[in-house]
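Listed below, chain by chain, are the residues.
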Amino acid sequence: EGEVVIPAPAGSPYLPRARGAVVALGVDAYDGDTGTGWSVTVVGPSRAVDDPAETAVLDALPWSHPRPTGGGRYVTLGIGLLSGWRTGRRAR
């Protein structure tokens, strides 16, 4: 729904201190063996998820990696600006 959701451990320094603080998130990967890679940057307002009902919905999502246990939290990042690129091997 127009937001990136990021799991974070309780007490994480990445939890926003002010609701709506504008932040940038960059994620990328590159494989030197295949010469392929990608990068995505999102810039927008952030917030820590405090509502127990919203947290329960996020807990139920099919996450591909383990989430923090014992009081884990979520940060959402509104998609204000989205940019990225992908690269592959060049044909000879």
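Being a predicted model, the structure only gives us computed values, none of them experimental.

Draft legend 1. Representation of the overall build of the protein within the structure. Secondary structure assignment for the protein yields one helix and five strands. Put simply, the protein runs from its N terminus to its C terminus through helices and strands in the order β-β-β-α-β-β. Computed over the C-alpha atoms, the radius of gyration of the protein is 16 Å, more than 25% above the 12 Å expected from 2.2 N^0.38 for a compact globule of 92 residues. If one aligns the C-alpha atoms of the protein with their principal axes, the spans along those axes are about 55 × 25 × 25 Å. Relative to its full complement of 92 residues, the protein shows a buried share of 22%. Long-range pairs, those at least 24 residues apart, make up 72% of the contacts in the protein between residues at least 6 apart in sequence. When the accessible area of the protein is evaluated, it comes to approximately 6,700 Å², of which 56% is carbon and sulfur surface.

Draft legend 2. The packing of aromatic side chains, seen in detail. Summed over the entire model, instances satisfying the criterion amount to one aromatic pair. When the ring of Trp63 is compared with that of Tyr74, the centres are 5.8 Å apart and the planes differ by 20°; the resulting orientation is stacked. One end of the pair, Trp63, is in the loop between α1 (52-59) and β4 (73-78); the other, Tyr74, is in strand β4, and 11 residues separate them in sequence. Relative accessible area serves as the criterion here: at 2%, Tyr74 is assigned to the buried category.

Draft legend 3. Geometry of a nonpolar patch on the surface. A cluster of nonpolar side chains, contributed by Val27, Trp38, Val40, Ile79 and Leu82, occupies part of the molecular surface with about 410 Å² of accessible area. Secondary-structure assignment places Leu82 in strand β5 (residues 81-87).

Draft legend 4. Inspection of the environment of Ser12 at higher detail. Tracing the backbone shows Ser12 in the loop between β1 (3-8) and β2 (22-31). Residues Ser12 and Gly72, 60 residues apart in the sequence, show an inter-C-alpha distance of 9.2 Å.

Draft legend 5. Representation of the side chain of Thr76. With respect to the helices and strands, Thr76 occurs in strand β4. A distance of 3.3 Å separates polar atoms of two side chains, one belonging to Thr76 and the other to Glu3. Beyond its immediate chain neighbours, meaning those up to four positions away, Thr76 contacts Glu3, Val4, Val5, Pro45, Ser46, Arg47 and Val49.

Thresholds applied
- Residues numbered from 1 in each chain as written.
- Predicted model: local features only at pLDDT ≥ 70, side-chain atom pairs only at ≥ 80, totals over all residues.
- Heavy atoms only, no water.
- Helix = DSSP H or I, 4+ residues; strand = E, 2+ residues; numbered from the N terminus.
- Rg over C-alpha atoms; globule rule 2.2 N^0.38 Å.
- Buried < 20%, exposed > 50% of the residue type's maximum accessible area, 1.4 Å probe, protein only.
- Contact = heavy atoms within 4.5 Å.
- Areas by Shrake-Rupley, 256 points an atom, 1.4 Å probe, with all protein chains shown as cover.
- Phe/Tyr/Trp six-rings, centres within 6.5 Å; stacked < 30°, edge-to-face > 60°.
- Patch = residues over 30% accessible without salt bridge, like charges linked within 9 Å, V, L, I, M, F, W, Y side chains within 5 Å.
- Salt bridge = Lys/Arg side-chain N within 4 Å of Asp/Glu carboxyl O.
- Polar contact = N/O pair within 3.5 Å; in protein donor to acceptor, adjacent residues only side chain to side chain.

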